[in-house]
Amino acid sequence: MDVDVDVDVDVKEMTMSSIPELTLEKAVDFAVQTERLGQEMYSALASRFEDDSELRELFTTLAADEEHHADHFAGLRKRLGGKQLDPEEQQYLRAASLSDIFADWSLSEAPEMITTREDALQKAFNLEKTTLGYYQALQEIIPDELLEEMVAEEKRHLVKVMKYMVTGAKVRGLGDKF
């Protein structure tokens, strides 16, 4: 798909709470940037853990998925048609965007600071959980089939990372549906 959209929000430099007039387009821009940063982080982690084939495969897959999600959100932004957010919706999306993970964009810039498998999985889990909450909030405001599919995909990511955290491996046994 690879949609090129000029994104108006740089989450590395600001949070949505600092945007004076939050529009739906800026809220979706935030999602695009989140996915791009997730892709950068996962790519860096795949390189960082290249000797761990399961972790490398997980992070490579997540990086590719995040890249596709960014394209989907960019396409969604183009289809919005100028829908305005009322003040309550603005506050709700601001609240949904408040998270330590969104304040720590250095994750994509310094993978060497993540030294253990457990640290890497915890960072991935936190990112997936936080973005899922934000996307669910967006979905409440923008009823859209593509957004619904992306929320479902984020849920699968969260469960996938959790299984690695809990089991320590991709597959634990024949009964695991992973």
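Look up a bit, the structure's there.
Residues numbered from 1 in each chain as written. Predicted model: local features only at pLDDT ≥ 70, side-chain atom pairs only at ≥ 80, totals over all residues. Heavy atoms only, no water.

Q: Got a minute to help me understand the overall build of the protein chain in this structure?
A: Secondary structure assignment for the protein chain yields six helices and zero strands. Helices and strands appear in the protein chain in the N-to-C order α-α-α-α-α-α. Of all intrachain contacts in the protein chain linking residues separated by at least 6 positions in sequence, the fraction that spans at least 24 positions is 76%. As displayed, the protein chain offers around 9,100 Å² of accessible surface, 49% of which is attributable to carbon and sulfur atoms. (Helix = DSSP H or I, 4+ residues; strand = E, 2+ residues; numbered from the N terminus. Contact = heavy atoms within 4.5 Å. Areas by Shrake-Rupley, 256 points an atom, 1.4 Å probe, with all protein chains shown as cover.)

Q: Is there a simple way to think about the packing of helix α1 (residues 24-48) against helix α2 (residues 53-79) in this case?
A: The description of two packed helices rests on the angle between their axes and on the distance between the axes. α2 packs onto α1 with a crossing angle of 160 degrees between their chain directions and a minimal axis gap of 8 Å. Here α1 lies roughly antiparallel to α2, going by the angle between them. Viewed along their axes, α1 and α2 form a crossing whose handedness is left-handed. Broken down by class, the residue content of the contact of α1 with α2 amounts to 13 nonpolar, five polar and eight charged. (Axes fitted to C-alpha atoms, helices over the stretch in contact; angles between N-to-C directions. Parallel < 35°, antiparallel > 145°, perpendicular 65-115°, else oblique. Left-handed = near helix turned anticlockwise from the far one by under 90°. Nonpolar A, V, L, I, M, F, W, Y, C, P; charged D, E, K, R; others polar.)

Q: Help me understand helix α3 (residues 87-97) in this model?
A: Along an α-helix, a turn takes 3.6 residues, which lines up residues three or four apart on a common side. Inspection of α3 places E89, Q90, L93, R94 and S97 among the buried residues, and these make up the whole buried set. The buried residues of α3 all sit within an arc of 135 degrees when viewed along its axis, so they share a single face. Of the exposed residues in α3, the ones pointing more than 90 degrees away from its buried face are P87 and E88. One side-chain oxygen at the N-terminal end of α3 lies 3.0 Å from the backbone nitrogen of E88; it belongs to D86. (Buried < 20%, exposed > 50% of the residue type's maximum accessible area, 1.4 Å probe, protein only. Arc of directions from axis to C-beta. Polar contact = N/O pair within 3.5 Å; in protein donor to acceptor, adjacent residues only side chain to side chain.)

Q: Hey, could you run me through the nonpolar core in this one?
A: Most often, soluble globular proteins have nonpolar side chains that are buried together. Of all hydrophobic cores here, the largest spans 44 residues; its most connected members are Y42, F59, F73, L93, L138 and I142. Listing elements by their share of this core, those giving two or more residues are α1, α2, α5 (117-141) and α6 (145-167). Here this core takes eleven residues from α5, the largest share from any one element. In this view, L138 contacts L24, A27, A31, F73, L93 and L147; residues no more than four positions away in its chain are not counted. (Core = buried A, V, L, I, M, F, W, Y, C linked by side-chain atoms within 4.5 Å.)

On their own, these measurements won't tell you what the molecule is for.
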